[in-house]
Every structure is written in C-alpha cells, then in structure tokens.
Amino acid sequence: MTAATTETAAHAPAVGTGHTRIEGRDKVTGAARYAAEVPFAGLAHGWLVLSTVARGRIRALDTDPVLAMPGVLAVVDHRNALRLTTDYTGLLGTRPDPTCAVFQHDRVPHLGWPVALVVAETSEQAREAAEALVVHYEQEPHDIELTAEHPGAYPVDGHMPAVTGKGDLEAGLAASAVVVDAEYTTPEEHHNPMEPHAATARWDGGRLEVIDSNQGVTWVVGELANLFSLDPAAVRVRSEHVGGGFGSKGVRAHQVAAVMAATLLQRPVRVVLTRRQMFSLAGYRSPTTQRVRLGAGPDGRLVALEHRSISLTSTVHEFVEPSAAVARVMYDADAHHTANRVVRLDVPTPTWMRAPGEAPGSFALEAALDELAEKCGIDPVELRLRNEPERGPVSGLPFAGRNLAACFREGARRFGWADRDRRPRQRRDGRWLLGTGTAAASFPSGAAPSTATATAHPDGTFTVRISAADIGTGARTALGLVAADALQVPPDRIRVRIGDSDFGPAMIAGGSMGTRSWSWAVKAAAGELRERLALGADIPPEGVTVRSDTTEAIGSLAPAERHSFGAQFAEVAVDPATGEVRVRRMLGIFAAGRIVNPLTARNQLRGGMIWGISMALHEEAVRDRASGGPVGADLAGYHVATHADVPHIEADWIDDTDPEDPVGIKGIGEIGIVGAAAAVANAVWHATGVRHRSLPIRPDRVLSAPGPAGAPDA
C-alpha cells in the first residue's frame, strides 16, 4: 500500500480526549505479566539474608549446614561474590548507592543490610534456607536519631545547590512589621508500591538479560553495565509492566544479587523482595526538621524569607531530601536564604519519593505562609497572590509560564472560599469542628533527551517503540495518542511497545519528566515518518521506520524557570473529644501544561492528593532506638489512607499549554501531592484554633495540643 492511503480525510485530535488504558483489560484479567511472573526454564530462586544488627562487622557465616539443605544451590556472600566497580557517575549524575554493590565487604552499616543470598530450586526452599543461615556479628553502638541541632549536620548539594542566599536576613527580619519563626517536622515515609520489587537475571549467548520492575530500563542497563564492567550493548533490561514505583524502583540490591547468582550458576535466577524487606532495601523519604522564618510588612508582602531543612542519610551514601528548595521557586524577598543539610546515621539510604523535597518542604513553607496570613489579618489566598514573584527568586530567570494566580482564583471560586470566615473555630456540624485551608503547589517541569522509533506497516497500522516505563500512569495510552495525532490517524491504528532497553536510550519515569520527554521523541519520529510517507512511496513488507533523538532539541532550550503549579483546598472535620480528623472534601486546580489524556491525568492528580491526606494524617515510620530498625515494617503497622479516609476529591486544571514543548506538556506525576498536606493542616488549624507543625496529625496529638481544641465549648 502507499502512504497516501494511511491518512484520514479529517483527523480528529486524540490528545486532550479521554481514553481508557490500552493495557487495562490485560491487567484486570491477569494477562499482563509482572516481573515476578515471567516464566523461564530452569529458573532458580534467590532469597536475601539481611543483617540483624544496626552497625558492626560480619565475623562468620555458617553456610555449610545451609548448603546441605534440600534444593539449595549456592550461598553468595562477601567471601565469594563477584567484585564490582563503584567508581562511576550514573545516569542521574550521582554516585551509586553502595547498598547496590552487595557482598563486597564485611561491614554492616544498618539493620537490614544484605549479608548473603541463598539460591535454591524453589522460592520456598530458598526462604527456609535463608532463615536458617546463622550469621555471627561484632556489634557496635549505633545512632539513628535525627535532631534539629545534630552536630554532624552538613550541607549537601545533591541535584541542586545546598545553600542559597541574598540580602541581609537578620536586618530584614528586624525591620519587618510581622514575623513568623517556626519549626516543622515530617516523619520517615515509605513508598510501598502495590507490586514488590522483583528481578530475574540470565545469560543468553553471552548477553546479560534482566527482567525487572523498574522506572527506566536505560537507567538500569547503565548501572548494571558499570557495576559489572560490561559493555552496555551486552546488557538488555525489560520491564513491560510495573505495579507502581513512586521513586523507589531504580537499581537495588536484589537486581545486583540476581545477576551475581545467575553468573555463578549459569542459569536464570529470580530474586523477589518481601514487603518487610522493602522497608530496608527500597528506599524511603527521610524525616525532616525544617525552620521557616518569614518577615513581612503590614500588607503581608515578604521582606525576609529563610527556609532551612535537615534530613538524614546513611553512613555509606549521601542522599539529601531538598525540602528547602521549594522556597526558591514559590516566593521572593529582598533577603532570601535557603539551606538543605543532612546527618549521616546508621540507617538505610533514603531515596527519591513522590515529589522529593517539594512534598515535605511545601508543608513547612505553606503552613508558615498560613501563619503569616493569620498574623497579618489577610486572607491566605490574597496573601499568596500579593507575593507572586516576577522572576525566579533565586535563579533570576524568567518563568516559562506561571499560572498559579489563575489556579487560586478558579479554585477559590469553585470551593466557595469567599464565604469563609477567617477566624478559627467558628463552624460546627454537631460534635465536629469544621475548617478550611489552602496551599500552593509547584513542581519542576523538565525534559530529558530520549530516542524513539515509529514504523509504518503495509496494513495501515503503526508501531511506536520507546524505552519508556509505565509505572501506573497510563504512559502507553498517552504515547499512543501523541503518535496518532502526529501521524493523523485514529489511535486504534497505533501499537505502543515500551520497557525494553533494546529500543534505545530514553528518560526514566521520574521527576514528572517521563511523558513529556517520551512524547517529544515520539512526536518527532512519528512526524518525520508521516512526512516520508506523504511522498507516496510503497511500504515494503518489513515496514518503514524512522528514529528520533531529542538531544539537540532539548539542549537548545533557553534557560528558564519551568514548573507546573497548583492551588490546593481542603475542608476538614475535627472531633475535639476523640481527636479524630476527617477530610470532607478537597479541590486541586492545576496549571500543568496540555493534558494528554484527561481520564488518566485526573487519576494521577487525585492519587497525589490522596497521598497528601495520608501524609497529613496517617503515614509515619518509627524506628526502634534499641534495634535501629522500623517498628511494624508492613502495611499493618505502617498506616496509609484507606477508602474510608478518602472523601470527595476533585482535581481539575486550567489551560496552560507550554509553547516550548512540541505537544504542550509540562508534567503531572508529582504536583498532586505538593501542598496537599499543608492544605489539610491549615484546615485543621482553622477548625480548632490550634496549629500542628508536626506530621502526621494523629488523634493523640490533637488531644494533647495546647489550646482550645480539647475543650468542646471553649
């Protein structure tokens, strides 16, 4: 057939219309196979043995009795493991977490550190043998406690400068008519995606193949190739379906251990983490202690702003939760200072978790803005509008679109904000005290170089291939819509294949950059393919394929502050007799670029807002000082919001197409959680007259808080 017959007479745009997930039926019927479900002939199973001490050395491992157990094939530990290379910089511009370089020494830096891998014919045999392995330690004293004034705190740049500053802060505060100086804390939080981490490694004709659950096959290929000193072309990683990631599914100990065992045994080896093991090996959000100081004139306009945050990291790897960075975008002042510091403790390494930095940072900053509004006697929405910056407060760069004010105005209208009495503790519903709160949200909107191919087939269908990762966002469907519009054909003529490193390098699913980066590459490939087909050439049996690479296009973007923005609104009910807090309704209005698929986009935004409720009221991992490990390391002990905790939640957006992006996309994956916890906390203050500066706002904290909350008639 010729290319001319592939075009429709009047193509109706697909981007911007709601479409169900193209893989949805496979997922609900079980046809979609996840990493732990792909069958292999001769598959062996590995089970990780984790340390039971928080600091020390391994003196000995009693492996002989374990090797004699039924089905056991090998025990891999620091005495017989492959030597790994760790002196490199990875895809994300950071050094590798030594936790991934398993079994390289006898040191134990935290409870739950991998000390051995037991491999057996079945997973049951591997688990029984792993639990029978006796490990002898030289135990040392450990420190797991993060405090605001910890003497070991120091600044860490991470993926942004640790410290920024301009103007005389103390002079600005001294000259301010109104000052807020408060400390806010957030607890340790865990991702715990529905699908546990799993990986299968095998060698096939001299090439390493890994079937994995991850957020970017290009990322995993690069890390494994570096660690094992392999040519990246000799490594293939596939990750077709991923049951959630939220930042946790990068390169972890289980993938490296599986490759080690497969190399030793020369047969496929699968390693799956248990839910309890994920609390030690999958990363988490560090607890934070943040100090915010605001100085303003009588009109509420900021004169001085300081946002300092301290988080923890492990003794083996630096990872910073950059909570103070949110102030660098949201508000300006003549004196403007921010700092992110960390403390090395005997704990696992934290990692990226949905809206890293922005989620906890927005709680502190937006709660402080609410306190400033109260002191100034100004409506919280109006206060934020008065402090809208014209340029990046720290960078000085222009904003590539900043429609936050429009989000607030539309949100206030739809939420009924104008009817709100600013005074706290004025509304009741029976025994319940009612309150409303708001907060601003922002998250960077970036794009990274990616490659894609688009193929035209003789039957009039098309195949798009890209090393993207669909971690539950509906990326397959969105990319199909983008390709359909670029080719000017109906979406049902597009087949999208993702999650295979052989498709070429592409950005990971992270930083709200996935769909934007991939769509850019897909549109470029599909657009060029359409131009080529328009010349009228016949399509051969093998099809016509065009490959794109967006490196040059993305590299040519002018420097600017690129972000998605949003306004969060919440209404809560508080029972002063029991301390129970219930969120009754939430509204989020976002400026997040062109929305590719409204159906899945709304799910993403609402999911983030629900997580914000969970962050505000429920989530809190507590570590036992004696053992150094988490208490209740499972979904029974670690509380998250359930259906009963989730009220009517509405997420919507304003027109905010990004003119610099070929599809108009910004990013929606993380903006939904930013500001949500602050909106809930501010609403609790409005209901009770008591300010809660530590999350979560548990019933015991409501009851024990000083002030009128516990007095029904106060």
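Residues numbered from 1 in each chain as written. Predicted model: local features only at pLDDT ≥ 70, side-chain atom pairs only at ≥ 80, totals over all residues. Heavy atoms only, no water.

## Some details on the overall build of the protein
Scanning the protein for helices and strands turns up 17 helices and 25 strands. Taken along the three principal axes of its C-alpha coordinates, the protein extends 75 × 75 × 50 Å. Expressed as a percentage of its 714 residues, the buried residues of the protein come to 60%. For the protein, the share of sequence-separated contacts (at least 6 apart) that also reach a separation of at least 24 residues comes to 82%. With an accessible surface of roughly 26,100 Å², the protein has 51% of that area assigned to carbon and sulfur atoms. (Helix = DSSP H or I, 4+ residues; strand = E, 2+ residues; numbered from the N terminus. Buried < 20%, exposed > 50% of the residue type's maximum accessible area, 1.4 Å probe, protein only. Contact = heavy atoms within 4.5 Å. Areas by Shrake-Rupley, 256 points an atom, 1.4 Å probe, with all protein chains shown as cover.)

## Some words on the confidence of the model for the protein
Residues with a pLDDT of 70 or more make up 97% of the protein, whose mean pLDDT is 95. With pLDDT under 50 throughout, residues 1-6 is counted as low confidence; its partners more than four residues away or in other chains account for 21 contacts. (pLDDT = per-residue confidence, 0-100.)

## Some words on the packing of aromatic side chains
If you walk through the whole model with that rule in mind, you get nine aromatic pairs. Ring centres 5.9 Å apart and planes at 85° place the aromatic pair Tyr 184 and Phe 363 in the edge-to-face group. Remark: Phe 363 occurs in helix α9 (residues 358-376) and Tyr 184 occurs in strand β9 (residues 178-186); sequence separation between them is 179 residues. With relative accessibility at 0%, the residue Tyr 184 sits in the buried group. Between Phe 319 and Trp 352, the aromatic rings sit 5.0 Å apart at their centres with planes inclined by 85°, giving edge-to-face as the arrangement. Here Phe 319 is found in the loop between β15 (302-314) and α8 (327-330), whereas its partner Trp 352 is found in the loop between β16 (335-345) and α9, with 33 residues between them in sequence. With a relative accessible area of 10%, Phe 319 lands in the buried category. For Trp 352, a relative accessible area of 22% puts it in the partly exposed group. Chaining the aromatic ring pairs together yields one cluster made of Phe 408, Phe 415, Trp 417 and Phe 569. (Phe/Tyr/Trp six-rings, centres within 6.5 Å; stacked < 30°, edge-to-face > 60°.)

## What about the nonpolar core?
Residues Tyr 184, Leu 294, Leu 365, Leu 372, Phe 569, Val 572 and Met 586 are the most contacted members of the largest nonpolar core, which totals 84 residues. With ten residues, the single largest contributor to this core is α9. Those residues in contact with Phe 569 that sit more than four places away from it in its chain are Val 381, Phe 408, Gly 411, Ala 412, Phe 415, Trp 417, Gly 437, Thr 438, Arg 585, Met 586 and Leu 587. The next biggest cluster of nonpolar side chains, apart from the first, holds 45 residues, and it includes Ala 478, Val 496, Leu 533 and Val 596. (Core = buried A, V, L, I, M, F, W, Y, C linked by side-chain atoms within 4.5 Å.)

## Some details on the sheet that holds strand β25 (residues 648-653)
In space, the five strands of this open sheet follow the order β17-β18-β23-β24-β25, with mixed pairing throughout. The open sheet terminates on both sides in strands that have one partner only, identified here as β17 (427-429) and β25. Each adjacent strand pair in this sheet contributes to an overall mean axis angle of 25°, direction not counted. Sheet analysis places strand β18 (residues 432-444) next to strand β23 (residues 563-574), joined by twelve bridges and oriented antiparallel. Directly across from Gly 435, in β23, lies its bridge partner Val 572. Packed onto the sheet, helix α11 (residues 404-415) meets β18, β23, β24 (581-591) and β25 and runs at close to 30° relative to β23. Across the sheet, helix α16 (residues 676-688) is in contact with β18, β23 and β24; its angle to β18 comes to roughly 155°. (Pairing = 2+ DSSP bridges. Axes fitted to C-alpha atoms, helices over the stretch in contact; angles between N-to-C directions.)

## Observations concerning the environment of Arg 79
Structurally, Arg 79 can be placed in the loop between β3 (72-76) and β4 (107-108). It is 9.8 Å that separates the C-alpha atoms of Arg 79 and Leu 61, two residues lying 18 residues apart in sequence. Contacts of Arg 79, omitting those with residues within four sequence positions, involve Leu 61 and Thr 63.

## A short note on the packing of helix α12 (residues 475-487) against helix α13 (residues 514-533)
Where α12 contacts α13, the two axes come as close as 8 Å, and the packing angle between them is 30°. Relative to α13, α12 is oriented roughly parallel. α12 and α13 meet at a crossing whose hand is right-handed. Where α12 approaches α13, its residues Ala 475, Ala 478, Leu 479, Val 482, Ala 483, Ala 486 and Leu 487 are matched on the opposing element by Thr 515, Trp 518, Ser 519, Val 522, Lys 523, Ala 526, Gly 527, Leu 529 and Arg 530. Residue classes in the contact of α12 with α13 are distributed as eleven nonpolar, three polar and two charged. (Parallel < 35°, antiparallel > 145°, perpendicular 65-115°, else oblique. Left-handed = near helix turned anticlockwise from the far one by under 90°. Nonpolar A, V, L, I, M, F, W, Y, C, P; charged D, E, K, R; others polar.)

## Overview of the pattern of salt bridges
Per the stated rule, a full pass over the model turns up 54 salt bridges. Arg 301 is paired through a salt bridge with Asp 299; the nearest N and O atoms lie 3.0 Å apart. On the accessibility criterion, Asp 299 (30% relative accessible area) is partly exposed. Ionic contacts of the salt-bridge type, sharing partners, join the residues Arg 202, Arg 207, Glu 209, Arg 236, Arg 238, Asp 500 and Asp 502 into one network. (Salt bridge = Lys/Arg side-chain N within 4 Å of Asp/Glu carboxyl O.)

## Observations regarding unusual backbone geometry
Put simply, Leu 695 and Pro 696 share a cis peptide bond, and its omega is -5°. Along the chain, Pro 696 falls in the loop between α16 and α17 (699-704). The phi dihedral of Asn 192 is positive, around 50°, even though this residue is not glycine. With respect to the secondary-structure elements, Asn 192 resides in the loop between β9 and β10 (198-204). According to the relative accessible area criterion, Asn 192 is buried, its value standing at 14%. Non-glycine residue Ser 512 carries a positive phi angle of around 55°. Structurally, Ser 512 can be placed in the loop between β21 (494-497) and α13.

## Quick word on the pairing of strand β14 (residues 288-296)
The buried fraction of β14 is high, at eight of nine residues. Here β9 pairs with β14 via nine bridges, running antiparallel. For Val 180, the partnering residue across the bridge sits in β14 and is Leu 294. Sheet topology places β14 next to β15; nine bridges connect them, and they run antiparallel. Paired with Arg 293 across the strands is Glu 306, a residue of β15.

## Observations regarding the pairing of β18
Most of β18 sits inside the fold, with twelve of its 13 residues counted as buried. With three bridges joining them, β17 and β18 adopt antiparallel strand pairing. Looking at β18, one finds that Arg 427 is bridged to Leu 434.

## Concerning α11
For α11, built from twelve residues, the straight-helix expectation of 16 Å at 1.5 Å per residue is met to within 8% by its first-to-last C-alpha distance of 16 Å. Residues Leu 404, Ala 405, Cys 407, Phe 408, Gly 411, Ala 412 and Phe 415 constitute the buried set of α11. One face of α11 carries all of its buried residues, which in axial projection span an arc of 155°. For α11, the exposed residues lying more than 90 degrees away from the buried face are Arg 409 and Arg 413. (Expected span 1.5 Å × (residues − 1). Arc of directions from axis to C-beta.)

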